[in-house]
Amino acid sequence: MARYARAVRTEIVVIGGGIIGCAAAAMLATRGARVTLVEGVAIGAGASGRNLGAIQHPFDPELAPLYRESLTRYRALVDATGEFSVGDAPAGLLLLNRSEEAAAEQVLRQRDAVPELDARLIAPDELARIEPSLAPGFTAIRLETGFPVPPASATGAWAALAHERGVVIEIGQAAQPTIENGAAVGVELADGTRIAADAVLVAAGPWTPKLVDPTGGWSPIHPTWGVTVQLRLDGAAPAHIVEEDEVDAINRSDAATARAAAAAGDEPPTLFSLASAGGLSTLGSTFLPYEPEPAATVALLLRRGAEFLPAIGQAEVVERRMCARPQSVDGRPFIGRAPGVDGLFVCAGHGPWGISTGPASAAIVARAILDGTPPPPALDAGRPVPTEPSPG
Ligand SMILES: Cc1cc2nc3c(=O)[nH]c(=O)nc-3n(C[C@H](O)[C@H](O)[C@H](O)COP(=O)(O)OP(=O)(O)OC[C@H]3O[C@@H](n4cnc5c(N)ncnc54)[C@H](O)[C@@H]3O)c2cc1C
């Protein structure tokens, strides 16, 4: 508690123009702070502009409130900017399984673990009626979550709101926090320009640890590379968000196994997922600890995708994308005061859930900076860092 007691900051630099940095900048400025946002490449240059575009429940009781709050904040953002839309009710998430038996077990697990998602078994004939473009033979689990949005839209809208609220947005130069006598006093840009500040927020996704601690001593977030393909599916685009029923397993697939597969020339593991919004569908994805070869990975995604939705085989490819998820060691973001440095704050490590939970996380870090309010202990950036990712 004491670590947060004397935080009163009005002049703030935010590093990173992803969903977190843009949302936090907008919220800080709305509260009256003078804010500069520094983005090295472009707004949404990382995962925040290249994700699947699904706002959905994160299957973690610590993160579920962040999802619900983020949804409320998105609705307010839509009202304020009109930049995109979020459905009144979820489109629904369909987990596809070839085995009726495995699907029946999964429904029971989901009902037990996340009752609010109202898990329901959808037999192959019903599935054929509600999503006729899917390949036959799947049993699905329908979960009451999933709001598809164009992948870059939410981040763009937060950036627009930040601009409207007076945030100065500097694009094109990497920034590094300047630390003097154990306190953050601003940032230095790649060309040597210094910007002074009372507080610095590092929201640089997977690049966050090296900005917070260039010695490598604090390193709880690492990149997990994802390839996606944007497609025009027209009438064959499912209304639901659809995924292969394996998301949790691959999400936690261990780096050693993936590297071994790559070294052996085997195909990298992929997980079929598809979300459609704004006339385009985004097909995913990989969860790899290394940057995969994009062309081969795209071909693999299209081939595997067509097994689930045959129209993918003939669809127009609009764009191929690769970016890194900021995956934390325990699957939860690190939010709040960076360990050991006064005035240095962090908000990163959202892994596969940054679009779904990012705005609420940004609100937590904004309160930590402006009011000295500590984040929930399970999300506190000062919590002990496990050395190995938690199993299951
Ligand atoms: C393939 C894929 C699909 C996904 N799908 C979903 C989904 O459907 N739903 C969901 O909730 N989440 C999804 N995610 C996860 C989500 O996209 C991320 O969790 C989220 O975008 C992370 O946001 P961020 O702001 O922390 O980081 P980023 O988006 O990585 O933004 C960090 C920014 O910081 C900038 N930067 C880095 N270093 C510096 C520096 N030194 N100076 C200045 N700028 C710097 C980068 O250029 C970047 O723009 C997906 C991720 C991937 C990869």
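Residues numbered from 1 in each chain as written. Predicted model: local features only at pLDDT ≥ 70, side-chain atom pairs only at ≥ 80, totals over all residues. Heavy atoms only, no water.

A. Just the packing of aromatic side chains, in detail. Considering all chains together, one arrives at five aromatic pairs under this definition. With centroids separated by 5.2 Å and ring planes inclined at 10°, the aromatic side chains of Phe138 and Phe308 adopt a geometry described as stacked. Taken together, the positions of Phe138 in the loop between α6 (124-130) and β6 (139-143) and Phe308 in helix α11 (residues 294-308) put the pair 170 residues apart, joining distant regions of the chain. The same class applies to Phe138 and to Phe308, which are both buried. Taken together, the ring pairs in this structure connect Phe138, Phe272 and Phe308 into an aromatic cluster. The cationic tip of Arg325 hangs over the ring face of Phe287; the distance from NZ or CZ to the ring centre is 3.9 Å. (Phe/Tyr/Trp six-rings, centres within 6.5 Å; stacked < 30°, edge-to-face > 60°. Helix = DSSP H or I, 4+ residues; strand = E, 2+ residues; numbered from the N terminus. Buried < 20%, exposed > 50% of the residue type's maximum accessible area, 1.4 Å probe, protein only. Lys NZ or Arg CZ within 6 Å of the ring centre and 35° of its normal.)

B. Up close: the site of the ligand. The full set close to the ligand counts 40 residues, and Glu39, Ser48, Ala54, Gly351 and Ser356 are the nearest of them. Leu52 places a polar main-chain atom, nitrogen or oxygen, 3.0 Å from a nitrogen atom of the ligand. Within the backbone of Ala54, a nitrogen or oxygen atom sits 2.7 Å from a nitrogen atom of the ligand. Within the complex, 95% of the 1000 Å² of free accessible area of the ligand lies under protein. For the shell around the ligand, the secondary-structure elements that each account for two or more residues are α2 (19-30), β2 (34-39), α3 (47-50), β13 (221-232), β17 (316-328) and α12 (354-371). Broken down by class, the residue content of the shell around the ligand amounts to 22 nonpolar, 16 polar and two charged. Three or more residues apiece are contributed to the shell around the ligand by two domains, here domain 1 (2-85 + 151-220 + 329-379) and domain 2 (93-147 + 222-327). (Near = heavy atom within 4 Å. Polar contact = N/O pair within 3.5 Å; in protein donor to acceptor, adjacent residues only side chain to side chain. Areas by Shrake-Rupley, 256 points an atom, 1.4 Å probe, with all protein chains shown as cover. Nonpolar A, V, L, I, M, F, W, Y, C, P; charged D, E, K, R; others polar. Domains from an automatic or database assignment.)

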